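# Fold and geometry: a report
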Amino acid sequence: QGSDVFRDATSKGVDQMVSNAHGKEFVLRIPSWYRTHINAPMFFVFPVMIRSFPAGVFYGDFNTAHTVIDPRLLEEMKKLRDQAVTTMERFFQNQK
């Protein structure tokens, strides 16, 4: 299977911001399940990686492509994700 934005996010631990999911630059990088069930024109995927393994994602989408997003919103989402990672790492550390 080819690479898509969700697979890249979770396998590489890379934040993904898609400004126009319907644009030609993303046509091959958006999986069919997404187009069938969600199909938002703009979205972000921030992976939650625990010890280099994907444990989940923080996801958000928007009704229109190329929406101007306040950078503070994205920073707060990343902070929330980082807090989740820290909490899960502590939990697993205590399980030893």
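Residues numbered from 1 in each chain as written. Predicted model: local features only at pLDDT ≥ 70, side-chain atom pairs only at ≥ 80, totals over all residues. Heavy atoms only, no water.

## What to know about the overall build of the protein chain
Spelled out, the test is: By definition, any uninterrupted DSSP run of H or I lasting at least four residues is a helix, any uninterrupted run of E lasting at least two residues is a strand, and each is numbered from the N terminus. By definition in these notes, contact holds between two residues if any of their heavy atoms fall within 4.5 Å. In these tables, accessible area is a Shrake-Rupley quantity obtained with a 1.4 Å probe, and a residue counts as shielded only by the protein chains included in the view.
When helices and strands are counted, the protein chain shows 3 helices and 3 strands. Taken from the N to the C terminus, the helices and strands of the protein chain come in the order α-β-α-β-β-α. With respect to the principal axes defined by its C-alpha atoms, the protein chain has extents near 45 × 35 × 20 Å. When contacts within the protein chain are restricted to residue pairs at least 6 apart in sequence, those whose partners lie at least 24 apart make up 51%. With the model as given, the accessible surface of the protein chain reaches about 6400 Å², and the carbon-plus-sulfur share is 56%.

## Describing helix 1 (residues 5-12)
Short version of the rule: Each residue is assigned to one of three classes by its accessible area relative to the maximum for its type, calculated with a 1.4 Å probe on protein chains only: buried under 20%, partly exposed between the two thresholds, exposed over 50%. Working definition: the arc comes from the directions between the helix axis and the C-beta atoms, pointing outward to the latter. Polar contacts here mean pairs of N or O atoms no more than 3.5 Å apart (in protein, one a potential hydrogen donor and the other a potential acceptor; neighbouring residues in sequence count only if both atoms are side-chain atoms).
Along helix 1, the positions that sit buried rather than exposed are Val-5, Phe-6, Asp-8 and Ala-9. End-on, the buried residues of helix 1 take up no more than an arc of 165 degrees, which puts them together on one face. In this structure, the buried residues of helix 1 make contact with strand 1 (16-18), helix 2 (32-37), strand 2 (42-50) and strand 3 (53-62). For helix 1, the N-terminal capping position is held by Asp-4, with its side-chain oxygen 2.8 Å away from the main-chain nitrogen of Phe-6. In the segment just after helix 1, Gly-13 is the residue with positive phi, at about 65 degrees.

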